[in-house]
There are 2 protein chains.
Amino acid sequence: MAKAQLDELDLQILAALSTRADLTNKALAARLGLAESTCAHRVRGLRDRGVIRDTRIRLDAATLGYPLEAIIKVRLANHTGEKVNALFDALVATPRVLQVFHVAGVDDFLVHVAVQDAAALRDIVLEHITVHPVVRGTETQLVFDLRDGRGVLG
Amino acid sequence: MAKAQLDELDLQILAALSTRADLTNKALAARLGLAESTCAHRVRGLRDRGVIRDTRIRLDAATLGYPLEAIIKVRLANHTGEKVNALFDALVATPRVLQVFHVAGVDDFLVHVAVQDAAALRDIVLEHITVHPVVRGTETQLVFDLRDGRGVLG
DNA sequence: TATGAAAGAGTGGGGCT
DNA sequence: AGCCCCACTCTTTCATA
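Nothing here was measured: the structure is a model prediction, and the numbers come from that model. (Residues numbered from 1 in each chain as written. Chains lettered and ligands numbered in written order. Predicted model: local features only at pLDDT ≥ 70, side-chain atom pairs only at ≥ 80, totals over all residues. Heavy atoms only, no water.)

Caption draft 1: Fine view of the protein's contact with DNA strand C. Taken together, the residues surrounding DNA strand C are A:Thr24, A:Asn25, A:Lys26, A:Glu36, A:Ser37, A:Ala40, B:Ala35, B:Ser37, B:Thr38 and B:Arg42. For DNA strand C, the backbone makes up 69% of the atoms found within 4 Å of the protein, where backbone means sugar plus phosphate. B:Ser37 is positioned with one of its side-chain polar atoms (N or O) 2.9 Å from a base oxygen of DNA strand C. Between DNA strand C and B:Arg42 there is a distance of 2.8 Å, counted from a phosphate oxygen to a side-chain nitrogen or oxygen. (Near = heavy atom within 4 Å. Polar contact = N/O pair within 3.5 Å; in protein donor to acceptor, adjacent residues only side chain to side chain.)

As structure tokens, this is what we get:
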């Protein structure tokens, strides 16, 4: 995806929608002083160009019965491309996994999970991660709190 | 937030909306074989109960001119509650910061950033992170790839 | 609690500037 | 590009079961 040229209006739209993604087109147009059709056209353009990837709901893991979040650092024994990708796929497909970072450095993967209790966390580590022969070790860090930053528009 | 009691229908709604958050209420109702009004009430209930926290758009950082993502691990010298919170606030308010994990363990914070190039990354580390006296050290890991997992419903 | 129907609100295309 | 208009779709309220 190449760098898109965005004018000031595009940035305003993105800023507004970043605050409230469920803003109606009518409300968004009113806020920016645009005609509704113009606004709708712009937003569609941003989606078509891939600037807005998609719209997602955020669930409250605790309310759903998974109050314990952790980051599991995964270190590999070797870095054969094929095995790394297979592991990546496996991690992403593991229940209770929220996101998986594939990183360069001391660790190879950072796995963000939400589980019901410590036992469930142990099960994930033992049954879904260290079972893979390519995994050399893991280190788990409890997540006290997770907050969103200002993002790329900040 | 206490654990909410969710029936099978609630879970189906959450699963459907997790796939496509921009599904119209009409389409959602049709998919689940519900009356539109019933479906709307259910969804509103899930929002009111906090099960659905909010709706967000996901921006493509690369398209916006920030193609380089990294995780910056931050380690503290001491852990006075007040200073830790102040640093947390500062990290979250830093431009280009996507999310900040406050974790227990070797590291204290994991800062996920998206920047335009290596120089910008260095500037964040030097000017926004290591400037805080409480920060004892950082370690930066380039993010090759980031994928979403199955989530808590998986 | 779920439903259907009707009133109200929002959307998006066409023709125009 | 942006705007206005209008037909269409979707949402929401309400009476009813």
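Caption draft 2: Region of interest: the relation of the copies chain A and chain B. Mapping chain A onto chain B calls for a screw motion: a turn of 180 degrees about the axis and a shift of 0.0 Å along it, with 0.1 Å RMSD after fitting. With respect to symmetry, the two chain copies, as superposed, fit the operation of a two-fold axis. The rotation axis passes nearest to the C-alpha of A:Arg56 in chain A, at a distance of 2.7 Å. Residue by residue, 100% of the interface of chain A is reproduced at the interface of chain B, so both copies engage with the same surface. (Least-squares fit on C-alpha atoms with pLDDT ≥ 70 in both. Contact = heavy atoms within 4.5 Å.)

Caption draft 3: Inspection of the interface of chain A and chain B at higher detail. Counting from both sides, the interface comprises 65 residues of chain A and, opposite them, 65 residues of chain B. Summing the contributions of chain A and of chain B, the shared interface buries around 6,300 Å²; its carbon and sulfur component is 56%. There are 8 salt bridges connecting chain A and chain B. A:Asp89 is the partner of B:Arg147 in a salt bridge, and the nearest nitrogen-oxygen pair spans 2.9 Å. At the boundary of chain A and chain B, one finds 38 residue pairs in polar contact (both at pLDDT 80 or more). Going through the elements one at a time, helix H1 (8-19), strand E1 (52-59), strand E2 (68-76), helix H4 (81-92), strand E3 (97-104), strand E4 (109-115) and strand E5 (135-148) of chain A are the ones with two or more residues in the side of chain A that touches chain B. Tallying contributions element by element places E5(A) first for the side of chain A that touches chain B, with 9 residues. Among the residues forming the side of chain A that touches chain B, the class breakdown is 34 nonpolar, 14 polar and 17 charged. By the bridge criterion, 6 bridges tie E3(A) to strand E5 (residues 135-148) of chain B in an arrangement that is antiparallel. From the neighbouring strand, A:His102 faces E5(B), where its bridge partner is B:Asp145. (Buried area = accessible area lost by both parts, 1.4 Å probe. Salt bridge = Lys/Arg side-chain N within 4 Å of Asp/Glu carboxyl O. Helix = DSSP H or I, 4+ residues; strand = E, 2+ residues; numbered from the N terminus. Nonpolar A, V, L, I, M, F, W, Y, C, P; charged D, E, K, R; others polar. Pairing = 2+ DSSP bridges.)

Function-wise, these values are silent; they only describe arrangement.
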